[in-house]
Amino acid sequence: MADFKSSTIYQVYPKSFYDSNGDGIGDIRGIIEKLDYIRSLGVDYIWSTPFFVSPLNDNGYDVEDYRKIHPLFGTMADVEELIAEAGKRGMGLMFDMVFNHTSTHHEWFQKALLGDPEYMDYYIFKDGGADTPPTNWQSKFGGSAWEYVPSLKKWYLHLFDVTQADLNWENPRVREELKDVIRFWKDKGVKGFRFDVVNLISKPEVYEDDTQGDGKRFYSDGPHIHEYLKELVADTGIGDMVTVGEMSATNLENCLRYSNPDEKELSMCFNFHHLKVDYKDGKKWELMKPDYQELKKLFETWQTEMQKQNGWNAVFWCNHDQPRIVSRMGDEEKYWKESAKMLATCVHMLRGTPYIFQGEELGMTNTGYSNISEYRDVESINYYHILLEEGKTQEEALEVLGQRSRDNSRSPMQWDAGTYAGFSESKPWIGIPDNHSYINVTMEEQDPDSILNYYRKLIQLRKQYAVIQEGAIEFLYQEQQEVFGYKRLLGGQELLVVNNLTGQEVVLQTPVDCGGCECLIGNYQKEVSGDWLETLQSYESVVLLKKNLQ
Ligand code: TEU
Ligand code: CA
């Protein structure tokens, strides 16, 4: 399997990828049927979000049994076939390990609820009167992070939904149980792992009210996090596999440690700072236009420091929790194609491992649901009510969801222009935007100039040019807000990446001398070789290779 530094990773959300048996819900056999498509992109690994037995209150991030497949998605035989068939095509599977919490349906929690002290110690139970939660910490999905169990006269911690109880990592037995889960999947031939909100697993010694916030500062990158990760990796022998930790409200200092190979923790981290530049005062549910200066600064800091201190970034715009990037930072109407390609270029030429979320490669957009009944995500539904309670009108609340809901990325993959977008033969579990009439795999396959074919080319360029994989990075145009530019340097090669983040033409403050350059990729048909590049058109992207520098 390819080294993670030269790889591109494709994320599949099984429930919405492809439905093989016509029940309106995507499944494992659906992924198997579409493996040739995924292979055609040129990616090396497939990260699939969870399909284990679960009540699906958080679409599988509430795991009831880490070793069994939810019948809605298929069988163990299907999963084994998926791993084998991907392997035949040169791709490795990465499974999603949700180890910060289990579903309250998990047998461990069920035993805890019966008062079994051994299993109560698997979770975080605290004393407290029925009216006073142990602390004022807030759930990430809204409301208190504590739930009272009258029969035990205790509260349990849930940083996410009330049916997602946080595990007690201080308990060595919990750590052993979770290592066994990794060994189980490793033995099945899984080639890598994504660890869900893994930087939240180490809770503080003392549980106290957070007078400055929702509690996150006490448990994000908590006191024993690095120890726990080292132990998990060493004891399961996954140090040579590709691993990525999802880091919630993290910082650079910790991510440098998580991803520095000498620390023997993880291959790389997801952080979300660059995806909060449109949060007003840092609040997800308050709308603001993206602050591009801040976006550029964040990329610059993280890229430069990771390089200096031998860390490694996962680079991405989209996943199953994020709105679609073309709707968010591009222009999904007038410059749909141009802006989707420009945004792709911005991250795919960076130093790090790029991730593509299903449908991103087609330029899929936010879903634009107009009624709350169309939403499925627990977080969206909770916040809709919170927004109404805060005094917003229904229209205003829907406007916020339209831009921020996680369901924006969870609509079915658009395979063709037919009914249900070729995803299923029956009505899917969640609605499909009308734009599948022109945003779909079948049509984009036929168009050499499509977003799909542009992504293929970006992935291929990374394979072809060591400077994209390993080159040093230097940032350009820091003073020019509309332009996101950088250089990659390796040996005698210099790669120049220039992107116009706006829908207006811009004049470059420093024109680029294209003498002796080859244009590797760009989203406008234009001959740049031997010329000066002085202006960029709306959302224009240009990637130039300068050769044989002395
Ligand atoms: O997400 C963690 C997480 O905190 C977010 O991305 C979350 O969706 C957002 O902050 C809410 O505003 C991971 C999974 O990717 C997500 O799907 C799960 O719901 C969550 O963990 C709990 O397992
Ligand atoms: Ca199905």
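Higher on the page you've got the structure.
Residues numbered from 1 in each chain as written. Chains lettered and ligands numbered in written order. Predicted model: local features only at pLDDT ≥ 70, side-chain atom pairs only at ≥ 80, totals over all residues. Heavy atoms only, no water.

S.K.: How would you sum up the environment of Leu 545? Please name residues and give values.
M.R.: You can see Leu 545 is positioned in strand E24 (residues 541-546). Spatially, the C-alpha atoms of Leu 545 and Tyr 13 are 35 Å apart, while their sequence positions differ by 532 residues. Apart from residues no more than four positions distant in its own chain, Leu 545 is found in contact with Tyr 465, Val 467, Gln 493, Glu 494, Leu 495, Gly 516, Cys 517, Glu 518 and Leu 520. (Helix = DSSP H or I, 4+ residues; strand = E, 2+ residues; numbered from the N terminus. Contact = heavy atoms within 4.5 Å.)

S.K.: Got a sec to walk through the site of ligand 1? Specific residues and values, please.
M.R.: Close contacts around ligand 1 come from 16 residues, with Asp 58, Asp 196, Asp 321, Glu 379 and Arg 406 the closest. Asp 196 places a side-chain nitrogen or oxygen 2.7 Å from an oxygen atom of ligand 1. Here an oxygen atom of ligand 1 sits 2.4 Å away from a polar atom, N or O, in the side chain of Glu 379. Burial of ligand 1 by the protein chains amounts to 90% of its free accessible area of 490 Å². Of the pockets mapped on this structure, ligand 1 occupies the largest pocket. Along the lines of polarity and charge, the residues of the shell around ligand 1 split into four nonpolar, three polar and nine charged. When residues of the shell around ligand 1 are sorted by domain, at least three fall in each of domain 1 (9-102 + 171-457) and domain 2 (107-166). (Near = heavy atom within 4 Å. Polar contact = N/O pair within 3.5 Å; in protein donor to acceptor, adjacent residues only side chain to side chain. Areas by Shrake-Rupley, 256 points an atom, 1.4 Å probe, with all protein chains shown as cover. 1 Å grid on protein atoms, 1.4 Å probe; cavity = no way out; pocket = protein on both sides within 12 Å on 5 of 7 lines; lining within 4 Å. Sits in = over half its atoms within 2 Å of the grid points. Nonpolar A, V, L, I, M, F, W, Y, C, P; charged D, E, K, R; others polar. Domains from an automatic or database assignment.)

S.K.: Can you lay out the side chain of Asp 44 for me, pointing to particular residues and giving the numbers?
M.R.: With respect to the helices and strands, the residue Asp 44 is situated in the loop between helix H2 (35-41) and strand E2 (45-48). The class for Asp 44 is buried, based on a relative accessible area of 6%. Within the structure, the side chain of Asp 44 is placed 2.9 Å from the backbone nitrogen of Thr 8, a separation counted as a polar contact. (Buried < 20%, exposed > 50% of the residue type's maximum accessible area, 1.4 Å probe, protein only.)

S.K.: Talk me through the sheet that holds E2; I want residue IDs and the actual numbers.
M.R.: Strand order in the open sheet made by the eight strands is E13-E12-E11-E5-E2-E1-E17-E16, with parallel pairing throughout. Looking at which strands have only one partner, the edges of the open sheet turn out to be strand E13 (268-270) and strand E16 (314-315). With four bridges connecting them, strand E11 (residues 192-195) and strand E12 (residues 242-246) associate as parallel partners. When the bridges of E12 are listed, Arg 194 appears paired with Val 244. (Pairing = 2+ DSSP bridges.)

S.K.: An account of the coordination of the calcium ion (ligand 2) is requested, with residue identities and associated values reported.
M.R.: Note on the calcium ion (ligand 2): its protein donors are Asp 19 (OD), Asn 21 (OD1), Asp 23 (OD), Ile 25 (O) and Asp 27 (OD). The metal-donor distances range over 2.2 to 2.4 Å. One chain supplies every donor for the calcium ion (ligand 2), spaced along it as D-x1-N-x1-D-x1-I-x1-D. Taking the relative accessible area as the measure of exposure, Ile 25 reaches 14% and is therefore buried. (Donors = N, O, S within 2.8 Å, 3.2 Å for Na, K, Ca; no water.)

S.K.: Please give an account of the nonpolar core that cites residues and values.
M.R.: The nonpolar side chains of soluble globular proteins are, as a tendency, buried together. Residues Ile 38, Phe 95 and Trp 317 are the most contacted members of the largest nonpolar core, which totals 153 residues. If near-sequence neighbours (up to four positions away) are discounted, Phe 95 is found in contact with Ser 48, Phe 51, Phe 52, Val 79, Ile 83, Trp 185, Val 190, Gly 192, Phe 193 and Arg 194. If you look at the next biggest cluster of nonpolar residues, it comprises 15 residues, including Leu 159, Phe 160, Phe 218 and Tyr 219. (Core = buried A, V, L, I, M, F, W, Y, C linked by side-chain atoms within 4.5 Å.)

S.K.: An account of the pattern of salt bridges is needed here, citing residue identities and associated values.
M.R.: As enumerated under the stated definition, the model contains 40 salt bridges in all. Residues Lys 88 and Glu 85 are paired through a salt bridge, measuring 2.7 Å at the closest nitrogen-oxygen approach. Taken together, the residues Lys 88 and Glu 85, both in helix H3 (residues 76-88) and three residues apart, mark about one turn of the helix. Residue classification places Lys 88 among the exposed residues on the basis of a relative accessible area of 62%. The exposure class assigned to Glu 85 is buried, which follows from its relative accessible area of 18%. (Salt bridge = Lys/Arg side-chain N within 4 Å of Asp/Glu carboxyl O.)

S.K.: Explain helix H6 (residues 172-187) residue by residue, including any values.
M.R.: Under the 1.5 Å per step criterion, the end-to-end length of H6 is 23 Å for 16 residues, consistent within 8% with the ideal 22 Å. Those residues of H6 that sit buried are Val 174, Arg 175, Glu 177, Leu 178, Lys 179, Val 181, Ile 182 and Trp 185. Here H6 starts with a cap whose side-chain oxygen sits 2.9 Å from the backbone nitrogen of Arg 173, and that cap is Asn 171. One or two positions beyond H6, positive phi appears at Gly 189, with a value near 100°. (Expected span 1.5 Å × (residues − 1).)

S.K.: Give a detailed account of empty space enclosed by the protein, specifying residues and quantitative values.
M.R.: Across all of its chains, the model carries four cavities of 30 Å³ or more by this definition. Together, Cys 269, Asn 271, His 273, His 274, Leu 298, Phe 299, Trp 302, Gln 303, Asn 313, Ala 314, Val 315 and Phe 316 line the largest cavity. Counting residues per element, the ones that place at least two in the lining of the largest cavity are helix H10 (292-308) and E16. Of the residues forming the lining of the largest cavity, the biggest block, four residues, is contributed by H10. When grouped by side-chain class, the residues that make up the lining of the largest cavity number seven nonpolar, five polar and no charged. As for the second largest cavity, its lining consists of Cys 318, Arg 324, Ile 325, Val 326, Ala 340, Leu 343, Ala 344, Glu 360, Gly 363, Met 364 and Tyr 455. Mapped onto the lining of the second largest cavity, the elements with two or more residues apiece are helix H11 (325-329) and helix H12 (336-348). Broken down by element, the residue count for the lining of the second largest cavity peaks at three residues, all from H12. Among the residues making up the lining of the second largest cavity, the classes are represented as eight nonpolar, one polar and two charged. (Points joined across faces, edges and corners; volume = space filled by probe spheres on them.)

S.K.: Run through the packing of helix H13 (residues 378-389) against helix H14 (residues 394-404), naming residues and quoting values.
M.R.: Packing of H13 against H14 brings their axes to within 9 Å, and their N-to-C directions diverge by 140°. In this structure, the crossing between H13 and H14 has a hand that is right-handed. For the pair H13 and H14, contact is made by Ser 380, Tyr 384, Leu 387 and Leu 388 and by Gln 394, Ala 397, Leu 398, Val 400 and Leu 401, respectively. (Axes fitted to C-alpha atoms, helices over the stretch in contact; angles between N-to-C directions. Left-handed = near helix turned anticlockwise from the far one by under 90°.)

S.K.: Could you give me a rundown of the sheet that holds strand E8 (residues 146-149), with the residues and numbers involved?
M.R.: The antiparallel open sheet is built from three strands, whose spatial order is E7-E9-E8. Only two strands of the sheet have a single neighbouring strand rather than two, namely strand E7 (125-127) and E8. Sheet twist, expressed as the average angle between the axes of neighbouring strands with direction ignored, equals 35°. Bridge count for E8 against strand E9 (residues 154-157) is four bridges, and the pairing is antiparallel. Residue pairing in the sheet places Val 149 in a bridge with Lys 154 of E9.

Limitation: the analysis is restricted to geometry and does not speak to function.
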